[in-house]
Amino acid sequence: MIEKRFDISFIADLALREKQIQQNYRPVIAVHKWFARRPGTLFRGLLLSEFVDSPLRDVFYRANDLDGKTVADPFMGGGIPVLEANRLGCDVTGFDINPMSYWIVKQEIEHLDLKAYERAATVLCQTLEKEVGPFYRTRCEVCGSDDAHVKYFLWVKTIPCQGCGKTVDLFPGYLVSADARHPLNVFVCPACGDLTETKSRTSPGNCDTCSAALTMAGPAGRSRCKCPACGVDNTYPDAAAGPPDHRLFAIEYHCPACKPSHAGRFFKKPDARDLAGMGTVESRWKKMRPRYVPTDPIPGGDETDRLHRWGYRFYRQMFNSRQLLGLELSARIIAGIEAERVRNALATNLSDLLRYQNMLCRYDTRALKSLDIFSVHGFPVGLIQCESNFLGIRAQGRGMCIGSGGWANIIEKFKKAKAYCDHPFEIRHQGRAKKVVPIAGEWIGDRRNGHDGPPERKVDLSCRDAAAAALPGGTLDAVLTDPPYFGNVQYAELMDFCYTWLRRLAGSTAAPFDTVSTRNPHELTGNLDMGRDLAHFTEGLSAVFRRMATALKPGAPLVFTYHHNTIEAYYPVAVAMLDAGLTCSASLPCPAEMGASIHINGTGSSIIDTVFVCRATGVMQRKWLADSIGGVAKIVEADLALLRAGKVNPTPGDTRCITYGHLIRLAVWSLRTDWNQDAPAALRIAKVASWFVHFGGWPDVKKYMGHDRKAIMREVPLLAISETSAEYGVEYAEIPF
C-alpha cells in the first residue's frame, strides 16, 4: 500500500526532472494545452505503490499489468491520473465539468490510426501552403532570395495622439534581440525605424541609417506615452476606442540558402513587399464569408476583464487578418475529413494552434521565440506582439521545426504524443547520463495499435459534475485526482478562447459542445464576483469526495494532490475528508510545479504538493502521529531530508506547504470521531479552524525547525489528538482506524 511502499526520494527526483520539460517525459500531454498538470511519474508511483507488492524502485522501470482494477478521477483536468492508470491496464472512469478538459483527455486516450492522421495532416499543410504560403515569405537581406521564410512578425501597438492625431507607437523599449542567442544586440531606431546591431546593450551608440541615438528605454510605460510630434502625454488603453491598432516594425526570418554560413539569426525591417503582402491579405479576408471564425462576445471575468480594458469585445478581435484567413481555411479543410477520429484530432490541433496564432503573443528577446498567450496562465496584453509563421518551418532533412507556433510544430508534437501512447517509456538518470527505457507491454488507449475490434479496456469519460455520478457502491479500487485549488487560475475563462473555435468546428458532430461557454456555476474555483467563496468551494469538494467514498471498495484509497500558500485554503480539504468519512492515513510531499515557470518564478510560491492518502478503514503509522508542534516539526524535517535525498532543494515556501499538509492530516485524525457532516458549511470550516487555534499552525512549527531533536521531544504534549503516545506506546508501529 501507498503508506508503506511509496518512495518519496525516488519519486521526488523523477517528478522534479519531469516538471522541467514535461513533454520529454510524458509526450502525450502535447495533444493540447492544459494547465498545471501534475507529474505522471508521481501517479505511476502511487498506483504501483498501492497495487504491486514489491519495492517501487524495482517495478517502476518494468512493464506492469493491473488488469481488473478500476480507477476513477473526479477532476480530470489534463488527464494525468487517468492516463497513468489506463497505461497500467486499469479500467478508468473520469469526470470533469469543463468541456475542454473532457475533449482533451478523450483525444489523449482514444486510439488513433496514426498513419491516416499523417496523411490527412500532409494534405492540410500542402493545401495551406498553396493558399497562404506566399504571405509568409520575405526577401533575404543577405543573399537577396525572395524565398526566405518569415519566422516571426513583430508588431507594436499604436494609438492616435490625443493632441495632434498622429499615430504614436507604444514602444516600451527598443531592444529587439539581446546578445544571448544572437551574436549582437538588435535595436530598432526610434527615429527612422531601421534595425541596427550593436555590441553594447547599455551604450548602443547610433543608428546605422540616420545616426539617431539608440536607446533601450521606450516612451510607453505605466499606461502613458508622450507623442514625439507634439509632446502631449497620452494615456492608454481606451476601452471605448475598441481594440488597439498594430504596426509591423520588424521581422525575424530564416533563409535556407544563407543559414549554413550565417552566424546568428536574421532580422530585418519590413520592406514594401512585406507591407503590400499584408494589404493583400486584408483585402482577401474582407471578401470571405467565414463559417468557423467565432462571433462570440468575450464575457466578463477575472481574466477576461483585462481584455475588456483594452477594447476587445469579441474573440475574433484578438487575431489579425492573416491569422483569421489561415484559421478559417484550416477549419474548412478539417471539416471535410470523413474519418471521425482523424477529423477530431486535427480539430484539436487547430484549437491548440490558437494559443500561438493571435495578437496577444509576445516575443522573448533573449530566447528569440514566441511566447504563447497562456505562458503566464492569463490574458496579459503587451505592447509588442509576436505573430508566428502560420505554416511552421520544417528544417530540411532533420525531421524538426525551426521556430515555434505553426502547423508543422503542432503536428510534430501531436505525432510524438500519440506514438508515445503505443510505445510508452520512462527516463532513467545515472549521474549526468539520461537513458530512455522503453516499457514494452504497456500502452495508452481504449485499444492497441493495429486492433480494430471492440475496445480492450474500459474508458468511461464524462463531462459533468462528479458529485452527480451514477457510480455503483463498492466498485472502485482507487480514486486518484488533482482537484482544483481554491482561488486558482480561472481555467474556464482561458479555455473559452479555444472552445469558441472548437465548438464551431466540432460541435455539430461531437459532444459536449451544447453550451456557449466552458464556464459553469458549479466550478470549484474561488471567485467572489460569482459568489464562489470558501463555503461554496467546501460544499462542492465535499459532495465529490462523499460520492467517490461510497463508490470505493472497503479500505480502498482516495488519493489527491494539493497545495496553497494559505492555511485557510486547506480547511475545505479537511472538511471534505471528514464529510466523506475518510481518515487521512498519509500526507506525502512531492514536486509538482516547475520553479522557473513564468507564472510562479520569484513569487515565493511552493512547487511541492502534499499527496493526501485517505481511506475509510486502514492503519496510521505511529511515527506520523505528532501530539505537539515540536513533533510536527520533526516529521516535516524528516520529509525535507527525504526530498533532499531526491535532489530537491526545498524553499521556505515548500516547507510551509509540507507543514500545512501534516497539520491538516492531524486535524482530520483528531476531529473524525465526533464530526457532524450535516452542520452548515461555515460551522464545519470553523471547527477545523478552531483546531488550529488550539494546536498551533505554521508560525509555531517554524520556531522549532532546525532545533535540537531532544529539546523538541521534551516539549510538553498538547494532547490535541485522540490517541497519544502514552495510550499506545512507542512500540506500536501502526494504529488501526
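Residues numbered from 1 in each chain as written. Predicted model: local features only at pLDDT ≥ 70, side-chain atom pairs only at ≥ 80, totals over all residues. Heavy atoms only, no water.

In the nomenclature of an unreviewed UniProt entry, the chain corresponds to Adenine-specific DNA methylase containing a Zn-ribbon-like protein from the organism Desulfosudis oleivorans.

**Observations regarding the overall build of the chain**
Filter applied, for reference: A run of DSSP states H or I qualifies as a helix once it reaches four residues; a run of E qualifies as a strand once it reaches two. Both are numbered from the N-terminal end. We take the radius of gyration over the C-alpha atoms and set the globule estimate at 2.2 Å times the residue count to the 0.38 power. Only protein chains enter the accessibility calculation, which uses a 1.4 Å probe; a residue whose area is less than 20% of its type maximum is buried, one above 50% is exposed, and one in between is partly exposed. Should any heavy atoms of two residues lie within 4.5 Å, those residues are considered in contact.
When helices and strands are tallied, the chain shows 22 helices and 27 strands. Whereas a compact globule of 737 residues would reach a radius of gyration of roughly 27 Å, the chain reaches 28 Å, a difference of no more than 12%. Counting all 737 residues of the chain, 60% fall into the buried class. In the chain, the proportion of contacts linking residues at least 24 apart, taken out of those at least 6 apart, comes to 72%.

**Quick word on the pattern of salt bridges**
Basically, it comes down to this: When a carboxyl oxygen of Asp or Glu lies within 4 Å of a side-chain nitrogen of Lys or Arg, that pair is called a salt bridge.
For the structure shown, the criterion picks out 46 salt bridges. Of the charged contacts, one joins Glu 84 and Arg 26 as a salt bridge, the two residues approaching to 2.7 Å between their closest N and O atoms. Of this pair, Glu 84 sits in helix α6 (residues 80-87) while Arg 26 sits in the loop between α3 (22-25) and α4 (40-51), and the two are 58 residues apart along the sequence. With a relative accessible area of 3%, Glu 84 lands in the buried category. Notably, a salt bridge pairs Glu 131 with Arg 284, separated by 2.4 Å at the nearest N-O pair. Within this pair, whereas Glu 131 is found in helix α8 (residues 114-132), its partner Arg 284 is found in helix α9 (residues 272-287), the two being separated by 153 residues in sequence. Where salt bridges share partners, they join Arg 26, Arg 44, Glu 84, Arg 87, Glu 426 and Glu 442 into one cluster.

**Some words on the domain arrangement of the chain**
A common measure of how large an interface is: the accessible area buried when the components associate. What counts here: By convention here, the domain bounds are inherited from an automatic or database domain assignment. Side-chain atoms alone can form a polar contact between residues adjacent in sequence; in general such a contact is a pair of N or O atoms within 3.5 Å, and within protein one must be able to donate a hydrogen while the other accepts it. Under the scheme applied here, ten amino acids are nonpolar (Ala, Val, Leu, Ile, Met, Phe, Trp, Tyr, Cys and Pro), four are charged (Asp, Glu, Lys and Arg), and all others, including Gly, are polar.
Here the domain parsing of the chain yields domain 1 (2-49 + 70-110 + 461-490 + 525-709) and domain 2 (115-172 + 218-417). Its C-alpha centre places domain 1 at a distance of 38 Å from the equivalent point of domain 2. Our count for the domain 1 to domain 2 interface comes out at one salt bridge. A salt bridge links Arg 341 to Glu 110, with the shortest nitrogen-to-oxygen separation between them at 3.5 Å. The interface formed by domain 1 and domain 2 contains four residue pairs in polar contact (both at pLDDT 80 or more). Looking at the side of domain 1 that touches domain 2, the element that brings in the most residues is helix α7 (residues 99-109), giving three residues. Partitioning the side of domain 1 that touches domain 2 into residue classes produces ten nonpolar, six polar and three charged.

**Structural notes on the confidence of the model for the chain**
A low pLDDT means the predicted coordinates there should not be read in detail. Counted only if it meets this: The quantity known as pLDDT measures the predictor's confidence residue by residue, on a range of 0 to 100.
In this model, the chain carries a mean pLDDT of 91, and residues with pLDDT of at least 70 account for 93%. Confidence drops under a pLDDT of 50 for residues 596-603, and excluding neighbours within four residues, the segment shows 14 contacts in the predicted structure.

**Observations regarding the packing of α6 against α7**
Two quantities define a packed helix pair, namely the angle between the axes and the distance from one axis to the other. In plain terms, the rule: Lines fitted to C-alpha atoms define the axes, with helix axes restricted to the stretch in contact, and inter-axis angles between N-to-C directions lie between 0 and 180 degrees. The scheme is simple: roughly parallel for angles under 35 degrees, roughly antiparallel for over 145, roughly perpendicular for 65 to 115, oblique for anything else. Handedness of each helix crossing follows the sense of rotation of the near helix against the far helix: counterclockwise by less than a right angle gives left-handed, clockwise gives right-handed.
At a minimum axis distance of 10 Å, the contact between α6 and α7 shows a crossing angle of 25°. Here α6 lies roughly parallel to α7, going by the angle between them. Judged by the twist between their axes, the crossing of α6 over α7 is right-handed. Seen from α6, the contacting residues are Val 82, Leu 83 and Asn 86; seen from α7, they are Val 105, Glu 108 and Ile 109. Looking at side-chain class alone, the contact of α6 with α7 contains four nonpolar, one polar and one charged residues.

**What to know about α8**
Condition: Helices are assigned an expected span. That span is 1.5 Å times one less than the residue count. For this quantity, the arc is that covered by the directions from the helix axis to the C-beta atoms.
When the terminal C-alpha atoms of α8 are compared, their 26 Å separation across 19 residues agrees well with the 27 Å that a helix rising 1.5 Å per residue should span. Where α8 is concerned, the buried positions are Leu 114, Ala 116, Tyr 117, Ala 120, Ala 121, Leu 124, Leu 128 and Val 132. The buried residues of α8 occupy an angular sector of 150° when projected down its axis, which confines them to one face. Of the exposed residues in α8, the ones pointing more than 90 degrees away from its buried face are Lys 115, Arg 119 and Lys 130.

**A few points about the sheet that holds strand β1 (residues 70-73)**
Counted only if it meets this: At least two DSSP bridges between two strands are required for those strands to pair.
The seven strands lie next to each other as β21-β2-β1-β22-β23-β25-β24, forming an open sheet whose pairing is mixed. Among the strands making up the open sheet, the edge pair consists of β21 (459-462) and β24 (583-591). Adjacent strand axes in the sheet meet at a mean angle of 15° when their direction is disregarded. With eight bridges joining them, β24 and strand β25 (residues 608-615) adopt antiparallel strand pairing. By the bridge assignment for β25, Cys 590 is matched with Asp 609. Contacts between α6 and the sheet are confined to β1, β2 (91-95), β21 and β22 (478-481), with β2 contributing the most and set at about 170° to the helix. Most of the contacts of helix α15 (residues 534-551) go to strand β23 (residues 558-562), to which it runs at about 150°, and overall it touches β2, β22 and β23.

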